Structures are given as C-alpha cells and as structure tokens.
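# Observations on the three-dimensional arrangement
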Amino acid sequence: MNRRIFFKYLAAITSGSFVFSWQSVIEASEKNHLQWGYIGKAAPENWANLDSKYAVCGSGLTQSPINLKSPITEDLPSISFNYQESALHIVNNGRSIQVNYAPGSTILFGGTTYELQQFHFHHPCEHKIDSQEFDMEVHLVHYNKSGSLVVVAVLMELGKENLALTPIFKELPQLGRKKNLSLTINAKNLLPTKNNYYYYKGSLTTPPSSEIVNWLIFEQPIKISAQQIEQFAKIIGNNARPIQALNNRLVLKSL
Ligand SMILES: [Zn+2]
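This report concerns the structure included in the present document. (Residues numbered from 1 in each chain as written. Predicted model: local features only at pLDDT ≥ 70, side-chain atom pairs only at ≥ 80, totals over all residues. Heavy atoms only, no water.)

A separate point is the layout of surface pockets. A probe as big as a water molecule, rolled over the atoms, marks out the empty space that is left. Roughly 240 Å³ of volume is contained in the second largest pocket. Lining the second largest pocket are 13 residues, and of these K160, N162, P221, I222 and K223 sit closest to its centre. The class makeup of the residues in the lining of the second largest pocket is five nonpolar, four polar and four charged. (1 Å grid on protein atoms, 1.4 Å probe; cavity = no way out; pocket = protein on both sides within 12 Å on 5 of 7 lines; lining within 4 Å. Points joined across faces, edges and corners; volume = space filled by probe spheres on them. Nonpolar A, V, L, I, M, F, W, Y, C, P; charged D, E, K, R; others polar.)

Structure, rendered in structure tokens:
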C-alpha cells in the first residue's frame with residue numbers, strides 16, 4: 001500500500017459512513033453507568049447481553065483491542081502533536097481514571113485535525129505487540145467536528161517512576177469522585193521518544209464498543225513504577241478488555 005492508497009483508506013474510515021454523535025455515545029455510556037464492568041456478570045464476555053445497545057460488542061467484526069502482529073510496514077504519515085498545558089481535572093468514573101483535557105490541544109493526522117478531549121488508563125494493557133503484554137496503557141482520545149475518532153495509545157512497562165504521571169497518580173479520586181487541581185499537565189509528556197506507530201481500524205474498548213476508532217499505537221512503551229501501578233490497581237483494579245479477533249483487517253506499521 002503506498003501513501004496515496006493509505007489516505008484513501010483513511011478517508012473511507014473518516015467519511016460519512018462512520019459519522020456518529022459522540023455525545024450520544026457518552027450519554028449511552030452514562031445512562032448505563034453501573035451495568036457493565038470487568039468482573040462477574042458485568043464482565044466483557046457478557047457486555048453484548050447486558051443491553052441491546054451493546055450488541056456490537058459481541059457481533060462486531062472490527063472490535064478492539066487486538067494483538068498487533070504481522071503488520072504491513074508502510075510509509076505512513078507522521079502524527080503531528082500540538083498539545084498545550086491543561087489544568088488537571090481527574091475523574092474516577094468507576095471503570096477508569098480519566099483526565100479531562102482543556103480545549104485547544106490537537107493532533108494533525110492524515111490531513112485532518114483532531115482535538116484531544118481526555119485521556120484515561122487501562123491496567124493491565126489492552127493492546128499487545130506480537131503477543132507481548134505490558135503493565136498498563138494510556139488512551140488519548142481525540143475527535144473532530146464530523147465525529148471521527150482517533151485514539152493514540154501508549155503502552156507502559158515496569159521501570160522507574162513516571163514523573164509525568166506523579167501528580168495524577170498521587171491524587172487518584174475514589175469511585176464517582178472528581179478532583180480539580182490547581183496544577184497543569186501536558187499530555188505530550190506521556191508520549192515516547194520514538195515515533196514509530198501501528199495503525200488499524202477498530203472500536204471503543206468499552207461499551208457500546210462502537211466501531212468508529214482509528215487506532216494509533218506507539219511501538220515504544222513508556223515506563224511506570226511498581227508503586228504507580230499499585231496506586232492505580234488499588235483504586236480501579238483490572239480494567240482491560242481481552243484481545244478481540246482481527247478478522248479481515250490490516251495492521252499497518254510506520255517505517
Ligand atoms: Zn481506553
């Protein structure tokens with residue numbers, strides 16, 4: 001696949017057939033706030049049966065996360081990050097810790113600008129690289145005016161303390177609580193130094209698992225300390241959806 005074909009592929013994903021109301025996705029999730037989770041009857045294998053709106057969690061053919069394996073290496077466009085500092089708004093929504101981001105931070109990808117809305121964490125990781133599992137994963141969620149989504153995923157592996165996460169992980173709110181701190185953060189400090197990435201077309205990894213996401217997953221993980229993982233696990237526990245079938249999809253990898 002050359003660059004021109006890649007852009008055509010991307011355009012097909014981000015054009016009319018995938019337009020949706022982001023707001024309705026959020027409302028659907030919030031209305032059913034306590035119905036889905038990660039253990040017992042609420043666990044991922046039962047999501048499709050919890051609500052008819054979640055049917056695609058079971059029937060969808062382009063679900064996420066996946067094992068990123070045997071990618072096709074291509075001259076993919078670089079992701080241009082234009083992240084500004086944001087006041088620190090941390091929310092514990094019961095399924096993850098989410099940091100809501102101030103307006104005005106964007107990425108430029110494939111000729112389209114997407115705005116960073118929030119980032120949140122999964123423990124352990126959701127995506128795997130060639131079956132390798134990582135300790136955690138952060139999802140930076142971006143969307144544009146036509147409702148198309150790009151999620152940038154950064155894998156996290158055990159190592160030294162991640163100083164960019166320290167102000168967040170020290171202040172993790174209890175279930176259903178929010179914390180608005182008089183600190184600023186910059187999400188660019190969560191990005192790895194190398195910019196190689198994987199690209200594929202998938203879904204939200206939480207109900208309603210809408211198949212609307214352009215996934216960009218950095219190959220290089222960032223570090224996180226055992227203590228930081230423990231801080232998160234104590235509050236949220238495990239919140240990773242299992243690997244989904246690749247089916248008839250391409251996984252691309254940048255040069
Ligand atoms: Zn996520």
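And the narrative resumes.
Here the focus is the packing of aromatic side chains. Enumeration according to the criterion identifies 13 aromatic pairs in this entry. Taking 5.8 Å as the distance between ring centres and 75 degrees as the angle between the ring planes, the aromatic pair formed by Y38 and W47 counts as edge-to-face. Classification of Y38 as buried rests on a relative accessible area of 17%. Classification of W47 as buried rests on a relative accessible area of 0%. Each ring, one from Y200 and one from W215, has its centre 6.4 Å from the other, and the planes form 5 degrees; the classification is stacked. Remark: W215 occurs in strand β13 (residues 213–218) and Y200 occurs in strand β12 (residues 197–202); sequence separation between them is 15 residues. Assigned by exposure class, Y200 and W215 land together as buried. Put simply, the rings of Y101, F119, F121, F169 and F232 touch in pairs and so form one group of aromatic residues. Directly above the ring of W36 sits R95, whose terminal nitrogen or CZ lies 3.8 Å from the centroid. (Phe/Tyr/Trp six-rings, centres within 6.5 Å; stacked < 30°, edge-to-face > 60°. Buried < 20%, exposed > 50% of the residue type's maximum accessible area, 1.4 Å probe, protein only. Helix = DSSP H or I, 4+ residues; strand = E, 2+ residues; numbered from the N terminus. Lys NZ or Arg CZ within 6 Å of the ring centre and 35° of its normal.)

Further remarks concern the environment of E137. Checked against the element boundaries, E137 lands in strand β9 (residues 136–143). Excluding residues that lie within four positions of it along the chain, E137 makes contacts with H120, F121, H122, C125, E126, H127, A153, V154, L155 and M156. Of note is the side chain of E137, whose polar atom sits 2.7 Å from the backbone nitrogen of E126. A distance of 2.7 Å separates polar atoms of two side chains, one belonging to E137 and the other to H139. (Contact = heavy atoms within 4.5 Å. Polar contact = N/O pair within 3.5 Å; in protein donor to acceptor, adjacent residues only side chain to side chain.)

Here the focus is the pattern of salt bridges. Within the structure shown, the criterion is met by four salt bridges. Note that E157 and K223 form a salt bridge whose closest N and O atoms lie 2.5 Å from each other. Highlighted residues: E157 in strand β10 (residues 149–158) and K223 in strand β14 (residues 222–224), separated in sequence by 66 residues. The residue K253 makes a salt bridge to E219 at a minimum N-O spacing of 2.9 Å. In this pair, K253 is assigned in strand β15 (residues 252–254) and E219 in the loop between β13 and β14, connecting sequence segments 34 residues apart. (Salt bridge = Lys/Arg side-chain N within 4 Å of Asp/Glu carboxyl O.)

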